Amino acid sequence: MTTQRGTPTHPSPARRIPVILAGVLALAIVLLIVLWNWDWFVPLIERRASAALHRPVTVAHLHVRPGWTTTITLDDPHIGQPDGFTSEKEEFASARSLTVAVKPWPYLVGRGLVLPLVALDAPRGDIVALKDGRSNYSFTADGKPAPDSGAGPGLPAIGELRITDGDIRVALARLRSDFRLAMHTTPPADGKQGTIVAEAKGRYAAQPIIGHFVGGALLTLADVRNPYPVDLHVANGPTSVTLRGTVDDPIHFAGAHLNLTLAGPDMSLLYPLTGIPIPQTPRYSVAGKLDYTEARIRFTGFEGHLGSSDIGGDISVDPHQKVPFVEAGLHSHLVDLADLAGFVGGEPGHAKTESAADSNVLPDQRINVPKLNAVNAHIAYHGDHIENKRVPLDNIDVDATVQDGAIDVHKLNFAVGSGTLASAATLNPAANDDFSTRFRLDVSRVPVTRLMKGAGSLEGQGTIGGHVTLAATGHSVADLVAHGTGGITLVLDQGGHLSAILPDLLGLQLGNAILSALGLPDRTPLQCFIADMPLKDGILSTHSFLIQTGDTRTTGDGTVNFRDNTLDYAITTRAVHFTVASFPGAVHITGPLRSPTILPGAEIAGRLAATGALAAVFPPAAIIPTIQFGVGKGSVCEQAVEQANANPAAGIAPGATTGPHPSAAAKAGRARATRRDAGKSAAQVRAAWERKQQQNGH
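Residues numbered from 1 in each chain as written. Predicted model: local features only at pLDDT ≥ 70, side-chain atom pairs only at ≥ 80, totals over all residues. Heavy atoms only, no water.

Draft legend 1. Here's a closer look at the overall build of the protein chain. Secondary structure summary: the protein chain contains 13 helices and 35 strands in total. Looking at the protein chain as a whole, 39% of its 698 residues are labelled buried. For the protein chain, the proportion of contacts with a sequence separation of at least 24, taken over those separated by at least 6, is 50%. Carbon and sulfur atoms provide 61% of the accessible area of the protein chain, an area that totals close to 37300 Å². (Helix = DSSP H or I, 4+ residues; strand = E, 2+ residues; numbered from the N terminus. Buried < 20%, exposed > 50% of the residue type's maximum accessible area, 1.4 Å probe, protein only. Contact = heavy atoms within 4.5 Å. Areas by Shrake-Rupley, 256 points an atom, 1.4 Å probe, with all protein chains shown as cover.)

Draft legend 2. Structural context of the environment of H63. Structurally, the position occupied by H63 is in strand 2 (residues 61–65). Sequence separation between H63 and T73 is 10 residues; the distance between their C-alpha atoms is 5.0 Å. Reaching out from H63, the side chain makes a polar contact with the side chain of D75 at a distance of 2.6 Å. (Polar contact = N/O pair within 3.5 Å; in protein donor to acceptor, adjacent residues only side chain to side chain.)

Draft legend 3. Region of interest: the pairing of strand 13 (residues 207–216). Pairing of strand 12 (residues 195–204) with strand 13 involves 10 bridges; the strand directions are antiparallel. The partner of I196 across the bridge, within strand 13, is G215. What sits between strand 12 and strand 13 in their antiparallel hairpin is a turn of 2 residues, with A205 showing a positive phi close to 55 degrees. Where strand 13 lies against strand 14 (residues 228–236), 7 bridges are found, and the strand directions are antiparallel. Bridge pairing in strand 14 links V214 to D231. (Pairing = 2+ DSSP bridges.)

Draft legend 4. Spotlight on the nonpolar core. Residues L262, I396 and F529 are the most contacted members of the largest nonpolar core, which totals 80 residues. What I396 contacts, discounting residues up to four positions off in sequence, is V335, L337, L340, Y381, H382, G383, I386, L412, N413 and F414. (Core = buried A, V, L, I, M, F, W, Y, C linked by side-chain atoms within 4.5 Å.)

Draft legend 5. View of unusual backbone geometry. Notably, D404 is not glycine yet its phi reads approximately 55 degrees, a positive angle. Inspection of the secondary structure puts D404 in the loop between strand 22 (395–403) and strand 23 (406–416). Given a relative accessible area of 53%, D404 falls into the exposed group.

Draft legend 6. Fine view of the pattern of salt bridges. Enumeration according to the criterion identifies 12 salt bridges in this entry. Between D231 and R244 there is a salt bridge, and its shortest N-O distance comes to 3.3 Å. With D231 in strand 14 and R244 in strand 15 (residues 239–248), this pair connects stretches of sequence that are 13 residues apart. Its relative accessible area of 32% is what places D231 among the partly exposed residues. Judged by its relative accessible area of 46%, R244 falls in the partly exposed class. With its nearest N and O atoms 2.7 Å apart, the salt bridge here joins D442 to R440. Owing to a relative accessible area of 37%, R440 belongs among the partly exposed residues under this scheme. A single salt-bridge network, built from bridges that share partners, covers E88, D126, R169 and D178. (Salt bridge = Lys/Arg side-chain N within 4 Å of Asp/Glu carboxyl O.)

Draft legend 7. A nonpolar patch on the surface, seen in detail. On the surface, W68, W105, Y107, L108, V109 and L113 cluster together into a nonpolar patch covering about 750 Å² of accessible area. Checked against the element boundaries, Y107 lands in helix 3 (residues 104–108). (Patch = residues over 30% accessible without salt bridge, like charges linked within 9 Å, V, L, I, M, F, W, Y side chains within 5 Å.)

Draft legend 8. View of the environment of H233. Among the structural elements, H233 can be located in strand 14. Taking C-alpha positions, H233 is 6.4 Å from L243, a pair spaced 10 residues apart along the chain. In this structure, H233 is in contact with I210, G211, H212, S240, V241 and T242, ignoring residues within four places of it in sequence. There is a polar contact of 3.0 Å between the side chain of H233 and the side chain of T242.

Draft legend 9. Quick look at the confidence of the model for the protein chain. The share of residues in the protein chain with pLDDT of 70 or more is 68%, and the mean pLDDT across the chain is 77. Mean pLDDT across the secondary structure elements of the protein chain bottoms out at helix 12 (residues 664–676), with 42, and peaks at strand 4 (residues 78–79), with 96. Per-residue pLDDT stays below 50 along residues 577–581; that stretch engages in 23 contacts with residues further than four places along the chain or on separate chains. (pLDDT = per-residue confidence, 0-100.)

Draft legend 10. Representation of the packing of aromatic side chains. The tally for this structure, following the rule as stated, stands at 5 aromatic pairs. Residues F299 and F302 carry aromatic rings whose centres are separated by 4.9 Å and whose planes lie at 10 degrees to one another, so their mutual orientation is stacked. For the residue pair F299 and F302, the accessibility class agrees, reading buried in each case. Feature note: the residues F529, F545 and Y569 constitute an aromatic cluster, connected by ring pairs. Looking at R55, its charged tip hangs above the ring of F92, at a distance of 4.8 Å from the centre. (Phe/Tyr/Trp six-rings, centres within 6.5 Å; stacked < 30°, edge-to-face > 60°. Lys NZ or Arg CZ within 6 Å of the ring centre and 35° of its normal.)

Draft legend 11. Region of interest: the side chain of N136. Within the secondary structure, N136 is located in the loop between strand 8 (124–129) and strand 9 (157–164). Its relative accessible area of 0% is what places N136 among the buried residues. At 2.7 Å, the side chain of N136 and the backbone oxygen of D126 are in polar contact. Setting aside residues no more than four positions away along its own chain, N136 makes contact with R55, Q81, P82, F85, F92, D126, I127 and V128.

Draft legend 12. Expanded view of the sheet that holds strand 7 (residues 114–121). With mixed pairing, the 5 strands of this open sheet are ordered in space as 2-3-6-7-9. Looking along the sheet, the strands with just one partner apiece sit at the ends: strand 2 and strand 9. Each neighbouring strand pair of the sheet contributes to a mean axis angle of 10 degrees, computed without reference to strand direction. The pairing of strand 3 (residues 70–75) with strand 6 (residues 97–103) spans 6 bridges and is antiparallel. (Axes fitted to C-alpha atoms, helices over the stretch in contact; angles between N-to-C directions.)

Next comes the structure, spelled out in structure tokens:
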């Protein structure tokens, strides 16, 4: 700019100020770009993260690459242990680096947070839970789980989660577990989604564990359109689990289509893996479909083997109740009862090793109260055919429930030929982890031919009926009987035959026994069998024990003590008619139930001594001590049946349980009892029974 005379002029000071400010700002921007360090924000990040996580957080460096997709990288991040866990040898979490790619624009316009990439390089972790419930993964000040406050914020949309060389330690004290997980991801390739691969090694439930898992990319867990693939194999001690298939929308657990195979030496070892208590079993292998529908986890259509028995059925679990509820419908085509012994407190299988110090003859395994309280259940089971040479049973039906630690066996029935053994029991929790128990067994029209099945050459006909009752408080089958009160009342009044060798040998009738062994005569008529034996405080005594045949009468008297598992019993057999070559008298059976001592009584010993002495003096006279003149037929059967019906040790009269056509003896006995109780109502009978139970100490 010039004047009229051509001389130059200078800008005014007011005009120079904006220029100077622009220059300073430009210089400041250049200097900021040149000197900027994102590490200036590291202390702020550490303070805020430490306060939010209740544990120390450190970061070595922060890198930010701004843009439409901004990349943020934390170098060498470390998260320390919270208070109460500072003695741990490892930090809670760390990594070589953590990289997050962020798209700011969708977030700024309210479309949510979009993370195209989250990458962890060499992540390390140490997850610990103590027995008192505290854990280092509860991000609260006291380390205890935070109360459920409802749904939290939605998850960001993540494009890819990348893990390289991961190593996580998991130590859960209540599960007696300490194992490591080595994991990494594979990137998508050739149009296929990536995967996550994990290897587990260590101990779980105090057993060695080795596991291999291949699943879909972690981000596809939230993909509701495509099922999430799963391929898992776990060996936990001797137990093997294989799981293959897909899961629908795993975040919301919408459904599953999986094939599950379980195998191992004992199903009770599945408890840490499934949370469902199962009694001891022999070796098993089962396979079926595992799915999730209608808010229930279901194991359906499974088939396999349990010891020498086959097993199959359906199991469903409702995990949403306060205590998980299990519904099981099981079946077997061929079942060996030895394989089911664990369900009644015994040792499953045939090869139980008995200790010399173990005198119990009944199952003595303690009922596990904590496991019972861990689940409520309804179980139905049917076995088509029982294969066991030692027991004359044909099939089995079970219907039972477990509710709040109480066991209610609605039905435990066995078919025995044309007859039935039908039992029911209730076990209610009592003090000291015991159970208050009521048990009843109804024996209805059980054929003697089936009972004699396992007795070799012994045969018989007729039907047996009656009842067995028990009321007790205890913690195992053996303990319940040892403290129990009740009784056994069994009657055979249909008539029939038993092999003559049985009563003959009981009475040491040598001549008849030899003929019986040769098959001549092959049968002797059986008139009746009575066993009426009360149980009080674990001691089984005898009201009546009688076997009456056409030729002999066998009676029993004494006690069986289930407190110390000993017996003191005497069995006496006498001829009904005149008999030669017989040594009548009592045979004493005493000592431990497992190995009793059997000795002849004084009468038999005297006859044997007399026979020996006479044989030395005059041999033909040796036959004299073996002569019986017979006790005569009498009416002992009628009297015994009458007594069993009028005052049964089991508290329940045999009634019509012995068949549709009772014998004359049974009719006579029941008729006399009926006349004596004429005019009594059903309520009066029940009241009388209750009074009897109270008198017996129920």
